[in-house]
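# Summary of the model geometry
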Amino acid sequence: MPNRVAVLSDIHGVLPALEAVLAEPEVAAADRIVLTGDLAAGPQPAEVLDLLAGLGDRAAWIGGNADRELVEYRRGRRDGIPDPIAPWAAERLREDHLDRLAGLPLSLTLPVRGLGKVLFCHATPRDDEEVVLVDSRPGRWREVFRGLDEDVDAVVCGHTHMPFVRLANRRLVVNPGSVGMPYGRAGAHWALLGPGVELRVTEFDAASAAARIARESSYPEAAAWADHALNARAGDEEALEVFGPRDGR
């Protein structure tokens, strides 16, 4: 049973943010690193996937909706992707990248010391793009957890890029926030589990990171994309307003 699990979600192809988090002593010392999806859809997709692959068996991967969309686009199962950077990112991936993303599970469970049986997923246990939020109503949590094994003590999910911890449907729910595209507050957000839950933020030089992305990425709008993402130009209230209708409000 792992004593400490680092959870990294929604990296979105931002290599400097990922490097900063992986350099954290607690991440380097963690028994496991769980990656909860949306790993590559951003300005440095291949570089991020190659760095994650170097973590070996210590890392457990889960697929997100953006990962699925990259594969579907490259393999001719969809004509486009709403996110403007995603088609470009899809074209940067090698076949081994696509094979790995195509094979990722929707969820996985691990026992974590102090927390019990923890289910990790990208959005909800049953879907990779459903929206649940810190203030989702109790009935919404019952709905998305329907069919979940009774012995699941905690659920860890990403997708909305906003960190929170709350009780819902008698389970602890954790969203670590986003490593590469934070909403509401700058920095690379992640979580450390066991025996409790710590929401963490790794600070790094956003200006230097954005300049590096603009220099190293061939995405035409890389500079503007990096400035918006790394500086959290999207606020939490703005994000909640956009996500609210998808939460059934």
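Structural data are supplied above this passage.
Residues numbered from 1 in each chain as written. Predicted model: local features only at pLDDT ≥ 70, side-chain atom pairs only at ≥ 80, totals over all residues. Heavy atoms only, no water.

### Details of the nonpolar core
Convention followed: Definition used in this section: a nonpolar core is a set of buried Ala, Val, Leu, Ile, Met, Phe, Trp, Tyr and Cys residues joined via side-chain atoms within 4.5 Å. The classification of residues rests on relative accessible area computed with a 1.4 Å probe and restricted to protein chains. Under 20% of the type maximum is buried, over 50% is exposed, and intermediate values are partly exposed. Two residues qualify as a contact provided that any one of their heavy atoms is within 4.5 Å of a heavy atom in the partner residue.
Among the nonpolar cores identified, the biggest contains 50 residues, and Ala6, Leu8, Ile33, Leu35, Leu52, Trp61 and Leu70 are the most heavily contacted of them. Beyond its immediate chain neighbours, meaning those up to four positions away, Leu8 contacts Leu18, Val21, Leu22, Ile33, Val34, Leu35, Thr36, Val179 and Trp190. Within the second largest apolar cluster, 16 residues are counted, among which are Val5, Ala60, Phe120 and Ala154.

### Notes on helix α8 (residues 206–216)
In plain terms, the rule: Under the DSSP-based scheme used, a helix requires at least four consecutive residues in state H or I and a strand at least two consecutive residues in state E, with every element numbered from the N terminus. Comment: arc refers to directions from the helix axis out to C-beta atoms. Polar contact criterion, stated in full: a pair of N or O atoms within 3.5 Å, where within protein one must be able to donate a hydrogen and the other to accept it, and residues adjacent in sequence count only if both atoms are side-chain atoms.
Those residues of α8 that sit buried are Ala206, Ala209, Ala210 and Ile213. Here the buried residues of α8 occupy an arc of 100° about the axis, which is enough to place them on one side. Relative to its buried face, α8 has exposed residues pointing more than 90 degrees away, namely Ala207 and Arg215. Turning to α8, the residues buried within the fold contact α1 (15–22) and α9 (222–230). Its side-chain oxygen at 3.1 Å from the backbone nitrogen of Ala207, Asp205 defines the N-terminal cap of α8.

### Things to note about the pattern of salt bridges
Threshold: The salt bridge definition used is simple: a Lys or Arg side-chain nitrogen within 4 Å of an Asp or Glu carboxyl oxygen.
Applying the stated criterion across every chain, the model contains 21 salt bridges. Salt-bridge contacts for Arg200 lead to Glu198; the nearest nitrogen and oxygen are separated by 3.5 Å. Here the salt bridges share partners, and the residues they tie into one network are Arg68, Glu72, Arg78, Asp128 and Glu129.

### Comments concerning the sheet that holds strand β6 (residues 154–156)
Quick note on the threshold: A pair of strands counts as paired when DSSP detects no fewer than two bridges linking them. Only the stretch in contact is used when a helix axis is fitted, and all axes are lines through C-alpha atoms; the angle between N-to-C directions ranges over 0 to 180 degrees.
Taken in spatial order, the 5 strands line up as β4-β5-β6-β8-β7 in an open sheet, and their pairing is mixed. Whereas interior strands pair on both sides, the edge strands pair on one side only; in this sheet they are β4 (107–112) and β7 (164–168). Each strand axis lies, on average, 25° off the axis of its neighbour in the sheet, ignoring direction. Pairing analysis gives 6 bridges linking β4 to strand β5 (residues 116–121), with the strands arranged antiparallel. Looking at β5, one finds that Pro111 is bridged to Lys117.

### Notes on the state of the cysteines
Selection criterion: Two cysteine sulfurs form a disulfide in these notes if their separation is within 2.5 Å.
Per the stated rule, a full pass over the model turns up 0 disulfides. Here Cys121 stays free of any disulfide, with the sulfur of Cys157 as its closest cysteine sulfur at 5.3 Å. Judged by its relative accessible area of 0%, Cys121 falls in the buried class. For Cys157, a relative accessible area of 1% translates into the label buried.

### Points about the packing of helix α4 (residues 65–74) against helix α5 (residues 85–92)
Under the convention used in this document: Should an angle lie under 35 degrees it is considered roughly parallel, over 145 roughly antiparallel, and from 65 to 115 roughly perpendicular; all remaining angles are considered oblique. Here is the rule for handedness: rotate from the far helix to the near one, and if that takes an anticlockwise turn smaller than a right angle the crossing is left-handed, while a clockwise turn gives right-handed. Side-chain classes are defined by residue name, with Ala, Val, Leu, Ile, Met, Phe, Trp, Tyr, Cys and Pro counting as nonpolar, Asp, Glu, Lys and Arg as charged, and the others, Gly among them, as polar.
Closest axis-to-axis distance for the α4/α5 pair is 9 Å, and the angle between their directions is 70°. For the element pair α4 / α5, the angle class is roughly perpendicular. Considering the relative orientation of α4 and α5, their crossing is right-handed. Residues Leu70, Tyr73 and Arg74 of α4 form the contact with α5, whose own contacting residues are Ala86, Pro87, Ala89, Ala90 and Glu91. Residue composition of the contact of α4 with α5, grouped by class: 6 nonpolar, no polar and 2 charged.

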